[in-house]
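Listed below are the residues making up each chain.
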Amino acid sequence: MSSLQGYVDHKVLLILQDGRAIVGTLAGFDQRSNVVLSDSKERVFSLEEGVEEVPLGLYLVKGDMIALVGEVDAAIDESVDLSTIRADPIPPIRY
């Protein structure tokens, strides 16, 4: 997964196979696509309460749990009021 090299030290969003959405700064990765995020937060989606951010700090994610990695535009992300967003939680992947 050498394409992750361009994301190091950038803010990224990980969507995990269990449906969790984690945002943080990509600190590093390895040959098995395990990922280390710094200053990470889990975004918990809800139809009633908006998006809650749960601080996680330094976080290691196993590569086989990652469904999607995307770069986040930090300026746009900071300008969005997450409490106004209503959405169903992302369901887990079923095989």
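Refer to the structure presented above.
First things first, this report covers the structure right here in the doc. (Residues numbered from 1 in each chain as written. Predicted model: local features only at pLDDT ≥ 70, side-chain atom pairs only at ≥ 80, totals over all residues. Heavy atoms only, no water.)

In this section: the overall build of the protein. Summing up its helical and strand segments, the protein has one helix and five strands in all. In the protein, the succession of α and β elements from N to C terminus is β-β-β-β-β-α. Residue burial in the protein is summarised as follows: out of 95 residues, 32% are buried. Partitioning the contacts of the protein with sequence separation of at least 6, the portion at a separation of at least 24 is 51%. Accessible area for the protein stands at about 6,100 Å²; split by element, carbon and sulfur atoms hold 53% of it. Taking the average location of the 8 positive side-chain charges in the protein and that of its 16 negative ones, the two points are 6 Å from each other. (Helix = DSSP H or I, 4+ residues; strand = E, 2+ residues; numbered from the N terminus. Buried < 20%, exposed > 50% of the residue type's maximum accessible area, 1.4 Å probe, protein only. Contact = heavy atoms within 4.5 Å. Areas by Shrake-Rupley, 256 points an atom, 1.4 Å probe, with all protein chains shown as cover. Lys, Arg positive; Asp, Glu negative; His and termini not counted. Charge placed at Lys NZ, Arg CZ, Asp CG, Glu CD.)

Here we have five strands laid out as an open sheet, ordered E4-E3-E2-E1-E5, and antiparallel in their pairing. Of all strands in the sheet, those with a lone pairing partner are strand E4 (52-61) and strand E5 (66-71), marking the two edges. Along the sheet, successive strands turn relative to each other by an average axial angle of 25°, direction set aside. (Pairing = 2+ DSSP bridges. Axes fitted to C-alpha atoms, helices over the stretch in contact; angles between N-to-C directions.)

Next up on the list: the pattern of salt bridges. Taken as a whole, this structure holds five salt bridges when the rule is applied. The residue aspartate 77 makes a salt bridge to lysine 11 at a minimum N-O spacing of 2.7 Å. With aspartate 77 in helix H1 (residues 74-79) and lysine 11 in strand E1 (residues 11-16), the pair connects residues that are 66 residues apart, well separated along the chain. Judged by its relative accessible area of 14%, aspartate 77 falls in the buried class. In this structure lysine 11 comes out as partly exposed when scored by relative accessible area, which is 25%. Of the charged contacts in the structure, one is a salt bridge between glutamate 53 and lysine 41, with a shortest N-O distance of 3.9 Å. Of this pair, glutamate 53 sits in strand E4 while lysine 41 sits in strand E3 (residues 35-44), and the two are 12 residues apart along the sequence. Each of the salt bridges in this network shares a partner with another, and the network as a whole consists of Lys11, Lys41, Arg43, Glu53 and Asp77. (Salt bridge = Lys/Arg side-chain N within 4 Å of Asp/Glu carboxyl O.)

Below, the discussion takes up unusual backbone geometry. In this structure, aspartate 9 is a non-glycine residue whose phi angle is positive, near 70°. Structurally, aspartate 9 is set in the segment before E1. Relative accessible area serves as the criterion here: at 61%, aspartate 9 is assigned to the exposed category.

Time to look at a nonpolar patch on the surface. Among the surface-exposed residues, Ile76, Val80 and Ile85 lie close enough to one another that they form a single nonpolar patch of about 220 Å² accessible area. Within the secondary structure, isoleucine 76 sits in helix H1. Its relative accessible area of 52% is what places isoleucine 76 among the exposed residues. (Patch = residues over 30% accessible without salt bridge, like charges linked within 9 Å, V, L, I, M, F, W, Y side chains within 5 Å.)

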